[in-house]
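# Report on the structure
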Amino acid sequence: MRLASLSMAGLDLRAGSVLGPARAEAVAGYGLAAPAFLLIVFLIFLPAFGVFVIAVTDWQFGARSLSFVGADNFVEMMDDATFRAAMFNTLLYVAVTVPATTMLGLGIALLIESGRSFRAFYRAAHFLPVMATLAAMAIAWEALLHPTIGLVNQLMGDLGLVRPNWLRDSALVLPTLMVIGIWQNLGLAMVLFLAGLKGIPRDLYEAADVDGADGWLDRLTTVTLPMLGPVSMFVSIIMALRAFEVFDTVRVLTQGGPGDASETLLHTLYVESFEFLRTGYGAAVTLVFLTIVVVLTLVQARVLDKRVHYT
Amino acid sequence: MPSVVVAGIEKRFGDTVAVDDVTLEIAQGEFLTLLGPSGCGKSTLLRIIAGLEPQTSGSVSIDGRVVDHLRPKQRDIAMVFQSYALYPHMTVSQNMALPLVMRQLTLAQRLPLIGRFLPGSRGARAAIEARVREVAAALEIDHLLGRKPGQLSGGQRQRVAVGRAMVRHPRVFLMDEPLSNLDAKLRVQMRAEIKELHRRLGITFLYVTHDQAEAMTMSDRVAVMMEGELLQVAPPKTIYAAPADMRVATFIGSPRINLLGGVVRGDGAVEVPTAVLDVAAGLSAGSTVTVGLRPESLALVEVNGRDTFRGTVRAVEHLGADLFVHAEVEGAAEPVILRADPAAHDGLAYGDAVCFAPRPGAALLFDGEGRRTGLDVPAPCGPSPALGLRLDDAAFRAAGPMTVPRPVDQWR
């Protein structure tokens, strides 16, 4: 309704003569931007502001009263061993899975693109995990990784190797989750890189051939990798955001255990807010999470933007 | 020894024949243009010579060496692409240096950072840089060396692409429609510059274009291709004045050549709509032929001889220096276009009755297959002639008086 009336006003003004055409255009412009603006305000800015407000209180989910506690939640966080473990684990998870997913995704995309047969099959096979619900896939992984009857350990046993308890060993649990995370996101990185590879003009490879850069490594460094710059930036941002959001596998497979060995930021947030019902503290963790994601996005966009756009 | 020999090259894409049994010799230092409409196979032929595309059959030799099994790098050629194919992430200087860097530095020396400190690397890099500067200065792009292709205009990119091809001293310079992305004015200017470049470098140029003006103004010889077939290889003047094939005659020249259906008479002359032309057809009476008459080989006349056409003016195009008259001739499928002197015939108007006659010997005869016929017609793809125009060429004389092909941009 509001949009309609504003647009109408704009159009009327343009046709009429009370205000100048520039003013009429401005009114119409605001009118057209209004729906998106309102959605952003109600769905993003107001909730974020709400989180900020809750984070400085001791509100517990369902409680009728709350009191202002200032920065107490944040101070408590600094001393909270679980939060620190979650923070460290999440950063480590991101630091390993992002480069691994990006590079493996690129490698698979290059292999698929260089071959001629079964391209569609390989694409689909690698993309399937992206399509699957991770919570459901986590259950499948749980079965695979079962210490005694799981397929992985049976194979390990057949090969005469140790049969580790993948999800209950505090040294192995995080790497195991990383592998599952890489497996899940690999297909997405691959598809994005495939699209990027398709966008490289053939002329450039031919020029490289004539110029003498015709070995696979020279082609890669002269044409492919530089031309994939924009896609790489996009892929690494997406992968970093998805890695920071790691939750499903933790929730289903480990609940953050053993101890805090697989505790991650989003899982801590969930447990504090919805299991311990310490909503105020949970909101403070959320703010930390939000800050990391926003800063990361800004930094990556800024730094990489300068280096990857050529025109 | 010829610079490039193309022997029986054929290229098929599935059932489509892109290049159909083309044989061609290019002399050392010659500027040869492959000319034809888009999709005629000229670019494919160039790419086969470059080694970017494998031929289905036939063989390519460069400087007497069969290069069929060699990769583009090993063929010692340089190529300028239609899109220029500059590396967008590299500066102009790096773009131009790449062919030298790839050939003169080892893999280790090319490594970023570390490579610079390896023995011999510094000297080699300095030499490459000096060569790049020299070429850039020659092309007047030395002030652009630090820029990236995205920051350059079309003409500047074109020069960088030429520079990248020039830094080495290749045996053959291949150019694939290098001017087609430039505006008309710049194209005319770059035409002269490329011709000058060819004169200065003295190496073999093989140039692909669909633009007859480029072909006519720059080439020593023009090879006209259509539908994968090589129709004629000859100096520009011969291509214009003595086309071996009706398709060549139609493709070259603007406004295009007038084609009139005719029948050979008992006395050897050819009867065309409203006129009888005294040409030595060399065909038996009753044969049907097509007579080609260039607009400038027709002249408005007063007297009414047997070789005089009678027509009605349907359009008058006044182009300043020229006046083109479109005359409807009874029995002819299309109006005949003829060039007239604007000063003498300024008063011509729609509907006027006109008489015009061909200059002696100017008529070109084509048989039912579109092949040039008549006496004294040379083979279409004869052996490679000496460089330059052979004014004593038999075909040239047979064509009779002609005007020099004029720049045709104004009609394009």
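All chains use their own residue numbering, which begins from 1 and follows the written sequence. To label them, take the chains in the order written and letter them from A, then take the ligands in the order written and number them from 1. For a predicted model such as this one, the threshold for reporting local features is a pLDDT of at least 70, and the threshold for listing and counting side-chain atom pairs is 80 or more; totals across whole chains, interfaces and linings nevertheless cover every residue. The side-chain quantities take in all heavy atoms of the structure and omit both hydrogens and water.

## Points about the overall build of chain B
Segments assigned H or I by DSSP are reported as helices when at least four residues long, segments assigned E as strands when at least two residues long, and all are numbered from the N terminus. Along chain B, the regular secondary structure elements total 9 helices and 21 strands. Projected onto the principal axes, the alpha-carbon positions of chain B cover approximately 85 × 45 × 40 Å. Working rule for contacts: check all heavy atoms of both residues, and any pair within 4.5 Å makes them a contact. Partitioning the intrachain contacts of chain B with sequence separation of at least 6 by distance along the chain shows that 67% fall at a separation of at least 24. All tallies of charge rest on Lys and Arg as positive and Asp and Glu as negative; His and the ends of each chain are not included. A charged residue contributes its charge at one atom only: NZ of Lys, CZ of Arg, CG of Asp or CD of Glu. In chain B, 45 positive and 45 negative side-chain charges are present, and the distance between their average locations comes to 12 Å.

## Structural notes on helix 1 (residues 42–50) of chain B
Residue and element names in this part refer to chain B. Relative accessibility decides the category of a residue: with a 1.4 Å probe and only protein chains considered, values under 20% of the type maximum give buried, values over 50% give exposed, and everything between is partly exposed. Where burial is concerned, most of helix 1 is hidden: 8 out of the 9 residues are buried. Within helix 1, the full set of buried residues consists of K42, T44, L45, L46, R47, I48, I49 and A50. Among the residues trailing helix 1, G51 stands out with phi positive, at a value near 90°.

## Concerning the domain arrangement of chain A
All names here are of chain A. When cut into domains, chain A gives domain 1 (2–55) and domain 2 (72–308). Accessible area that two parts lose when put together, evaluated with a 1.4 Å probe and summed over both, is termed the buried area. Interface area, domain 1 with domain 2, both sides summed: about 450 Å², of which 82% is carbon and sulfur. Of all residues in domain 1, the largest losses of buried area upon contact with domain 2 belong to V51, I54 and A55, amounting jointly to 81% of the total for that side. A pairing counts as a salt bridge when a side-chain nitrogen of Lys or Arg comes within 4 Å of a carboxyl oxygen of Asp or Glu. Between domain 1 and domain 2 we count 0 salt bridges in total. Any N or O atom pair separated by 3.5 Å or less is treated as a polar contact, with the protein-specific requirement of one donor-capable and one acceptor-capable atom, and with residues adjacent in sequence counted only for side-chain atom pairs. Counting across the domain 1 and domain 2 interface gives 1 residue pair in polar contact (both at pLDDT 80 or more). Note that the domain bounds were set by an automatic or database domain assignment.

## Overview of the packing of helix 5 (residues 119–131) of chain A against helix 8 (residues 173–198) of chain A
For any two helices packed against each other, one specifies the inter-axial angle together with the distance between the axes. All names here are of chain A. A fitted line through C-alpha atoms represents every axis, and for helices the fit uses only the stretch in contact; the resulting angles, taken between N-to-C directions, go from 0 to 180 degrees. Interaxial distance between helix 5 and helix 8 falls to 5 Å at its minimum, and their mutual angle equals 135°. By the criterion of interaxial angle, the relationship of helix 5 to helix 8 is oblique. Crossing angle aside, the handedness with which helix 5 passes helix 8 is left-handed. Along the contact surface, helix 5 presents R119, R123, H126, F127, P129 and V130, while helix 8 presents W183, Q184, G187, L188, M190, V191, L194 and K198. Side-chain classes follow a simple rule in which Ala, Val, Leu, Ile, Met, Phe, Trp, Tyr, Cys and Pro form the nonpolar group, Asp, Glu, Lys and Arg form the charged group, and the remainder, Gly included, forms the polar group. A breakdown of the residues in the contact of helix 5 with helix 8 according to their chemical character gives 8 nonpolar, 3 polar and 3 charged. Small angles under 35 degrees read as roughly parallel and large ones over 145 as roughly antiparallel, with 65 to 115 read as roughly perpendicular and the rest as oblique. In this scheme, a crossing is called left-handed if the near helix is turned counterclockwise away from the far one by less than a right angle; it is called right-handed if the turn is clockwise.

## Things to note about the domain arrangement of chain B
When cut into domains, chain B gives domain 1 (4–237) and domain 2 (256–374). One C-alpha centre belongs to domain 1 of chain B, the other to domain 2 of chain B, and the line joining them spans 42 Å.

## Here we look at the sheet that holds strand 12 (residues 270–272) of chain B
Residues and elements named next belong to chain B. Pairing between two strands requires that DSSP report at least two bridges joining them. Read across the open sheet, the 6 strands follow the order 13-12-11-14-20-21; overall the sheet is antiparallel. Taken across any chain shown, the strands that pair with only one partner, and hence form the sheet edges, are strand 13 (275–277) and strand 21 (372–373). As judged from the 2 bridges shared by strand 20 (residues 364–366) and strand 21, these two strands associate in the antiparallel manner. Counterpart to L365 in the pairing with strand 21 is T373.

## Regarding the confidence of the model for chain B
Residues and elements named next belong to chain B. Across the chain, each position has a pLDDT score giving the predictor's confidence in that residue, from 0 to 100. Averaged over every residue, the pLDDT of chain B is 85; the share at 70 or more is 91%. Ranking the elements of chain B by mean pLDDT puts helix 9 (residues 394–398) last, at 41, and strand 3 (residues 31–35) first, at 95. Predicted confidence is poor over residues 381–412, with pLDDT under 50, and the contacts of this stretch with residues over four places away or in other chains come to 61 contacts.

## Some details on the interface of chain A and chain B
At the junction of the two partners, chain A supplies 20 residues and chain B supplies 24 residues. Taken together, the two surfaces of chain A and chain B that pack against each other cover about 1900 Å², and 61% of this comes from carbon and sulfur. Inspection of the chain A/chain B interface yields 5 salt bridges. Residue B:R164 pairs with A:D211 through a salt bridge whose shortest N-O separation is 3.5 Å. Applying the counting rule to chain A against chain B returns 10 residue pairs in polar contact (both at pLDDT 80 or more).

## A closer look at the sheet that holds strand 5 (residues 65–66) of chain B
All names here are of chain B. Read from one edge of the open sheet, 4 strands run 2-1-4-5, paired in antiparallel fashion. A strand with exactly one partner marks an edge of an open sheet, and here the two such strands are strand 2 (16–26) and strand 5. Direction of pairing for strand 1 (residues 4–13) relative to strand 2: antiparallel, over a ladder of 7 bridges. Looking across to strand 2, one finds that R12 is bridged to V17.

## Section: helix 11 (residues 229–244) of chain A
Take the number of residues in a helix, subtract one, and multiply by 1.5 Å to get its expected span. Between the first and last C-alpha of helix 11 of chain A there are 23 Å, a value that for 16 residues agrees with the 22 Å anticipated at 1.5 Å per step. Listing the buried residues of helix 11 of chain A in full gives A:G229, A:V231, A:M233, A:V235, A:S236, A:I237, A:M239, A:A240, A:A243 and A:F244.

## As for the packing of helix 8 of chain A against helix 11 of chain A
All names here are of chain A. The N-to-C vectors of helix 8 and helix 11 enclose an angle of 165°; their axes lie 10 Å apart at closest approach. Taken together, the axis directions place helix 8 and helix 11 in an arrangement best described as roughly antiparallel. Remark: the crossing between helix 8 and helix 11 carries right-handed chirality. Taken together, the residues of helix 11 that come into contact with helix 8 (itself represented by Q184, N185, L188, A189, L192, F193 and G196) are V231, S232, F234, V235, I238, M239 and R242. Considered class by class, the residues forming the contact of helix 8 with helix 11 number 9 nonpolar, 4 polar and 1 charged.

## A short note on a nonpolar patch on the surface
A grouping of A:F37, A:L38, A:L39, A:I40, A:F42, A:L43, A:I44, A:F45 and A:L46 is seen on the molecular surface, where their side chains present a nonpolar patch of about 920 Å² in accessible area. Its location among the elements puts A:F42 in helix 2 (residues 21–55). Only residues whose relative accessible area exceeds 30% and that form no salt bridge are eligible for patches; like-charged ones are grouped when within 9 Å, while nonpolar side chains (Val, Leu, Ile, Met, Phe, Trp, Tyr) are grouped when within 5 Å. Method for areas: the Shrake-Rupley scheme with a 1.4 Å probe, in which residue coverage is limited to the protein chains shown.

## Points about the packing of aromatic side chains
In this scheme Phe, Tyr and Trp rings, the latter by its six-membered ring, pair at centre separations within 6.5 Å, and the angle between planes marks the pair as stacked below 30 degrees, edge-to-face above 60, and tilted otherwise. In the structure shown here, the tally under the stated rule is 11 aromatic pairs over all chains. When the ring of A:F61 is compared with that of A:F274, the centres are 6.3 Å apart and the planes differ by 70°; the resulting orientation is edge-to-face. Here the residue A:F61 occupies a position in the loop between helix 2 and helix 3 (72–79), and A:F274 occupies one in helix 13 (residues 265–275), the gap between them amounting to 213 residues. These aromatic residues form a ring-pair network of at least three members: A:W59, A:F61, A:F247, A:Y270 and A:F274. Two limits define a charge over a ring: the Lys NZ or Arg CZ must be within 6 Å of the ring centre, and within 35 degrees of the ring normal. The residue whose ring lies beneath A:R278 is A:Y281, and the NZ or CZ to ring-centre distance is 4.3 Å. For the cation-ring pair, B:R294 lies above B:Y240, with the distance from its terminal atom to the ring centre recorded as 4.1 Å.

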